Amino acid sequence: MSDLAKPEAVQAVTDAAPLLRIEDLRVRYRGENGPVTALSGVSLSIARGEVVALVGESGSGKSTLAQAVIGLLGAAGEITGGTVVFDGQAIGSDNERTLRRLRGARIGFVPQDPGLSLNPVRRVGDQVAETLLVHGLADRRTARDRAVRLLADAGLDRPELRANQFPHELSGGQRQRVLIASALIAEPDLVIADEPTSALDATVARRVLDRLAEQTAARGTAVLLITHDLAIAAERADRLVVLHNGEIVESGPTATVLRRPRHPYTRRLLAASPSLAPFEGFRRVRTHEGPPLLAVRDLRKSFRARGGGAVTAVSGVGFDLARGETLSLVGESGSGKSTTARIALRLTEPDSGTVTFDGHDVNRLRGSRLRGLRQRFQVVYQNPYASLDPRWRIARLVEEPLRAYGVGNRFERRARVRELLDQVALPAGFDQRRPAELSGGQRQRVAIARALALHPDLLVLDEPVSALDASVQAQILELLDRLQRELDLSYLFISHDLAVVRRISDRVAVMRHGHIVETGSTAAIFDNPQHAYTRELLSAIPTPKGAH
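Our subject in this report is the structure included herewith. (Residues numbered from 1 in each chain as written. Predicted model: local features only at pLDDT ≥ 70, side-chain atom pairs only at ≥ 80, totals over all residues. Heavy atoms only, no water.)

Quick notes on the overall build of the protein chain
Piece 1. The secondary structure content of the protein chain amounts to 21 helices and 20 strands.
Piece 2. Radius of gyration (C-alpha) of the protein chain: 24 Å, near the 24 Å computed for a compact globule of 548 residues.
Piece 3. If one aligns the C-alpha atoms of the protein chain with their principal axes, the spans along those axes are about 70 × 55 × 45 Å.
Piece 4. Taken across its 548 residues, the protein chain has 53% of its residues classed as buried.
Piece 5. In the protein chain, 70% of the contacts between residues at least 6 apart in sequence involve partners at least 24 apart. (Helix = DSSP H or I, 4+ residues; strand = E, 2+ residues; numbered from the N terminus. Rg over C-alpha atoms; globule rule 2.2 N^0.38 Å. Buried < 20%, exposed > 50% of the residue type's maximum accessible area, 1.4 Å probe, protein only. Contact = heavy atoms within 4.5 Å.)

Focus: the pattern of salt bridges
Piece 1. Within the structure shown, the criterion is met by 32 salt bridges.
Piece 2. Where Asp157 meets Arg158, a salt bridge forms, and the shortest distance between an N and an O atom there is 3.7 Å.
Piece 3. Its relative accessible area of 38% is what places Asp157 among the partly exposed residues.
Piece 4. For the salt bridge of Arg162 with Asp157, the shortest nitrogen-to-oxygen distance reads 3.0 Å.
Piece 5. Each of Arg48, Asp87, Arg106 and Asp189 takes part in a single network of salt bridges with overlapping partners. (Salt bridge = Lys/Arg side-chain N within 4 Å of Asp/Glu carboxyl O.)

Quick word on the pairing of strand S11 (residues 294-304)
Piece 1. Across nine bridges, S11 lies against strand S12 (residues 310-321) in antiparallel orientation. When the sheet's bridge partners are listed, Phe303 is paired in S12 with Val311.
Piece 2. Taken together, the five bridges between S11 and strand S14 (residues 352-357) define a ladder with antiparallel strand orientation. The residue bridging Val296 from the neighbouring strand is Val355, located in S14. (Pairing = 2+ DSSP bridges.)

Observations concerning the pairing of strand S4 (residues 77-86)
Piece 1. In this sheet, S4 lies alongside strand S1 (residues 20-31) in antiparallel orientation, the contact comprising eight bridges. The partner of Tyr29 across the bridge, within S4, is Gly77.
Piece 2. In this sheet, strand S5 (residues 89-91) lies alongside S4 in antiparallel orientation, the contact comprising three bridges. Across the sheet, Val84 pairs through a bridge with Ile91, a residue of S5.
Piece 3. Where S4 hands over to S5, the hairpin turn is made up of two residues, of which Asp87 adopts a positive phi near 50°.

Concerning the environment of Leu477
Piece 1. Position of Leu477 among the secondary structure elements: in helix H18 (residues 470-487).
Piece 2. Owing to a relative accessible area of 8%, Leu477 belongs among the buried residues under this scheme.
Piece 3. With 27 residues separating them in the primary sequence, Leu477 and Ile504 have C-alpha atoms 6.9 Å apart.
Piece 4. Ignoring any residue separated from it by four or fewer positions in sequence, one finds Leu477 in contact with Val465, Phe493, Val500 and Ile504.

Here's what the structure looks like:
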């Protein structure tokens, strides 16, 4: 490591011994083709009450570091060197009894993926309360009451109801808040938060991070915040530590790193961050003559809730989408964005209202007429890995829609696959790989290529970049912009990330509690919001420390 990259600033900021000290940590994983080094001599420390953000792209080693600290590397991972000291006590994978005593009680952990971290057959309230019961910190009734309070603090509405629900009955954002409540319930000395807000909208993310900040101030709780979102790190952290290919390449006080980044990798991360990079101005709204491609009128949809009663998801929603235009639906989790999109795609039936696509009443179509129309609108989801069959090679995944609709012969379909992969800037050799062999950004390119296979007029993009690093986000947004211009595509773009929406949208519709509360050009929404809720959303966009 060069002198420029030495982490001399990554030392405790007080004279007291640090709460967590990591020295020369080395971790590797056993792979099919030999060992893979994940961390190469990482050293850092965290003082009591300090917030340290560990930033870097996917694969940089951020999550590996968190898992190494709390002994959750798994069977394939091993610490090959270095030490981890918590509150003066050495801890490591060979000291499982100590780790079990610390995990949950003194070290809270917010894992990245709530879908894999919550038990699907246990009520969420019981899972949040479990830490108190396991460590003998409360009786069952007290633990249950505290779990409900923590669910409310984490931003869940109707916490008593949510405590009785199972994970599958909650949205992704709601499940993430359950994990945060679980991490905080025992009032630990250190919270390790691994991408704690990647599934959350800006206002809920702010509430969750405010909760962490309150605990830090009230109890001297330290926070290791692991994130690929530099805007959140810039707003929340006392210090930034930049990790690249398993090594710390830069570290220091947040303001110093932001103002004077020394390492080229740090400068590249900052340039790609939607919230921190220089903003070049709003897109010019495209003008189109003729009827809209998609017209939604007075949509209403309610769902039956557990224990009886109904929950209104969409109430009186209406909008138009022109050819070649991007309309973004923004709002908190549960605001009705995805339900509206599913109704527009005829994946969910509305209770009332109409959806007209290129002059056709979508709700009245049946059989072959509906199937034919469905070629013209496609969807790209948030998690490409979940929507791509892991057993298939990329060529088969992209070709599958063509085969399903009987388009072309085998040779014509192969040519179309090559054309599509070229359109999304994936090299020719990628067609024989499987999803697991691709990065998150590459998998999302495959998902986009697959969605384009049948020459659609409309793409519904449901949080298409929220799980991606900032630099990969920028690449995908540039790709979507280029494809829109080349193919005259219309986009219905669903996102909770307002910095991304600002870059990609012609118009924005703001949703809350199933209603559209404001619609306008991107410039009008961001520069002159009329509704109080829109102003609340915009105020929740992270800004660097000291820039408020």
